[in-house]
Amino acid sequence: MARQPWYRILYVQVLLAIAVGVTLGYFCPDAGKAMKPLGDGFIALIKMMIAPAIFCTVVHGIASIGDMRKVGRIGAKTLLYFETVSTVALLIGLLVGELLQPGAGFNIDPASLDPKSVASYVTRAKEENFVSHLLAIIPNSYFDSLAKGDLLQVLLVAIFSGFTIANMEKPGEQIASAIELAGKMFFRIIGMIVQVAPIGAFGAMAFTIGSFGLGALVNLGYLIFTFYLASLLFVLLVLGGIARAFGFSILRFIAYIKDELLIVLGTSSSETVLPRMITKMEALGASRSVVGLVVPTGYSFNLDGTNIYMTLATLFLAQATNTHLTFGQEATVLAVAMLTSKGASGVTGAGFVTLAATLSIIPDLPITALAIIVGIDKFMSECRALTNLIGNGVATIVISRWEGELDRDQLHKALVHPVSFGEEMERKPV
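Quick look at the structure, then. (Residues numbered from 1 in each chain as written. Predicted model: local features only at pLDDT ≥ 70, side-chain atom pairs only at ≥ 80, totals over all residues. Heavy atoms only, no water.)

### What to know about the overall build of the chain
Filter applied, for reference: Under the scheme used here, helices are H or I runs from DSSP no shorter than 4 residues and strands are E runs no shorter than 2 residues, and both carry numbers assigned from the N terminus. Each residue gets one of three labels from its accessible area relative to the maximum for its type: buried under 20%, exposed over 50%, partly exposed in between, using a 1.4 Å probe on protein chains only. The contact rule is simple, with two residues in contact once any of their heavy atoms fall within 4.5 Å. Exposure was quantified through the Shrake-Rupley algorithm and a 1.4 Å probe, taking into account, for residues, occlusion by the shown protein chains and nothing else.
The secondary structure content of the chain amounts to 22 helices and zero strands. Sorting the 430 residues of the chain into buried and exposed places 55% on the buried side. Once local pairs closer than 6 in sequence are excluded, the contacts in the chain between residues at least 24 apart make up 85%. Working note: accessible area of the chain is about 18,400 Å², and carbon and sulfur atoms make up 65% of it.

Dropping the structure here:
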């Protein structure tokens, strides 16, 4: 196959678009802010296709397994892995925060902060609790979940549908076949939408820099540096160690999903590449049934970057306001964060709302302290989304290997000689 010209490679286009967006936002802030519809439009186009694509993937994945005990076994292994790795991410946030002390020396009086800047987040956080999370998973109707695009609701409906179809024998096979064909159609549409990713990345980045400016990076640069460092350590040491134990290189894997990582960097949302990740994980040799269960579930239950952010940001705010947290309070934060993080999704800003919900359980630390970091949260949102994405990809390979359904030859071949998303789509049977 002839080599693509460099200017037609997606990750090159996205990189150039991000650079142009940063430049425009910095030198012409008003013009940068005006580019917001480009980023919003791209994200909306992708989100339009996520619900039906995930529904078809999960339903066909469960229905094709047939053995419901196997579905339960995969689900149990997946949740066990998610909970273990997520807890390690929370601990790394605490450890790095204690060692580097990013909030030391700020000496901020919480009474001097403007509560209006975080009022909307506080209101949303108060509405968040375990019971409300559980009830929110249940849609108003079968099709309501697909219409609203709520990922947890889509998963619930898809799981019920998959189990039912699997027990319908011959009619079930016909329904599963039709759903598989519909899924291929949705993924083809997504392939078309992804071609305009550079435009979306340009608009989102131009708006971010135009609205918040690079000055925010300077004012709280040490916190941003600390968070990116903690996330990097987690990816290289924790996920890298897991990858090595399961027979692949974390660096090669990161190179394999570089297109997706750059799209996430430009849009600050890992949801924009969810369908692409499903296709890429299958191309790596992971079984379709495992991919269909692990990837969508990971977007709500395996948010490693969000976990690091919550514990690190909590310690930063405590240090910045000279609020001493006891060991018991830190342990409480850890326990609560393990629950609240499961309600966050891959969309922009969800991590900040989850942080507000976690802070509400520490009476000594006023929730208005969130005003300190509200201006730079957008710059940390990218890192949260990137870490979440890498973590979910690694989890998919691990669970596939754990189930004995990973084609290792295909894995190493794909990591050494990665192909583009378009080529992967062409290789899929029609």
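What follows picks up the thread again.
### As for the packing of aromatic side chains
The line we're drawing: Note on aromatic pairs: the rings of Phe, Tyr and Trp (six-membered ring only in Trp) are paired at centre separations within 6.5 Å, and the planes decide the class, stacked below 30 degrees, edge-to-face beyond 60, tilted for the rest.
Throughout the structure, instances matching the rule amount to eight aromatic pairs. Plain terms: the ring middles of Phe227 and Tyr309 are 5.7 Å apart, the flat faces sit at 70 degrees to each other, and that makes the pair edge-to-face. Residue Phe227 is found in helix α12 (residues 221-245), and its partner Tyr309 is found in helix α17 (residues 304-320); the two are separated by 82 residues along the sequence. Comparing Phe227 with Tyr309 shows no difference in burial state: the two are buried. Between the aromatic rings of Phe248 and Phe253, the centroid separation amounts to 6.3 Å while the plane-to-plane angle is 65 degrees, which identifies the pairing as edge-to-face. Each member of the pair, Phe248 as well as Phe253, is classed as buried.

### Some points on unusual backbone geometry
A positive phi angle, close to 50 degrees, is found at Gln101, a residue other than glycine. Tracing the backbone shows Gln101 in the loop between α4 (68-100) and α5 (119-127). Despite not being glycine, Asn322 has its phi angle at roughly 55 degrees, a positive value. A relative accessible area of 53% means that Asn322 is categorised as exposed.

### A few points about the pattern of salt bridges
Quick note on the threshold: Each reported salt bridge corresponds to a side-chain nitrogen of Lys or Arg within 4 Å of a carboxyl oxygen of Asp or Glu.
All told, the structure shown has 11 salt bridges when counted by the stated rule. The closest approach of N and O atoms between Asp40 and Lys36, which form a salt bridge, is 2.6 Å. One end of the pair, Asp40, and the other, Lys36, are both in helix α3 (residues 36-65), four residues apart, so they sit about a helical turn from each other. A residue is classified by how much of its surface remains accessible, and Lys36, at 33% relative accessible area, is partly exposed. Arg73 serves as the salt-bridge partner of Glu403, at 3.0 Å between the closest nitrogen and oxygen. With Glu403 in the loop between α20 (377-402) and α21 (408-416) and Arg73 in helix α4, this pair connects stretches of sequence that are 330 residues apart.

### Focus on α12
Our working rule: Here a helix's expected span is defined as the number of its residues, less one, multiplied by 1.5 Å. To get the bend at a given residue, fit one axis to the seven residues ending there, fit another to the seven starting there, and take the angle between those axes.
Taking 1.5 Å per residue as the helical rise, α12 with its 25 residues ought to reach 36 Å, and the 35 Å between its terminal C-alpha atoms agrees with that figure. The largest bend in α12 comes to about 30 degrees, at Leu239. Gly247 lies just past α12 and shows a positive phi near 90 degrees.

### Things to note about a nonpolar patch on the surface
As a reminder of what qualifies: Patch criteria: residues need more than 30% relative accessible area and no salt bridge. Like-charged residues are merged within 9 Å; nonpolar side chains of Val, Leu, Ile, Met, Phe, Trp and Tyr are merged within 5 Å.
Where nonpolar side chains cluster on the molecular surface, the patch consists of Leu38, Leu45, Met48, Val196 and Ile199 and spans about 400 Å² of accessible area. Along the chain, Val196 turns up in the loop between α9 (169-194) and α10 (197-212).

### Some details on the environment of Val20
Here Val20 lies in helix α1 (residues 10-27). In this structure Val20 comes out as partly exposed when scored by relative accessible area, which is 46%. Put simply, Val20 and Met205 are 185 residues apart on the chain and 8.7 Å apart in space, counted from C-alpha to C-alpha.

### Examining α9
Taking 1.5 Å of rise per residue, the 26 residues of α9 would be expected to cover 38 Å, and the 37 Å separating its terminal C-alpha atoms lies within 8% of that figure. Buried within α9 are the following residues: Gly172, Ala176, Ile179, Gly183, Lys184, Phe186, Phe187, Ile190, Gly191, Ile193 and Val194.

### Considering the side chain of Thr226
Here Thr226 is to be found in helix α12. Setting aside anything within four residues of it in sequence, one finds Thr226 in contact with Val96, Leu100, Pro102 and Leu312.

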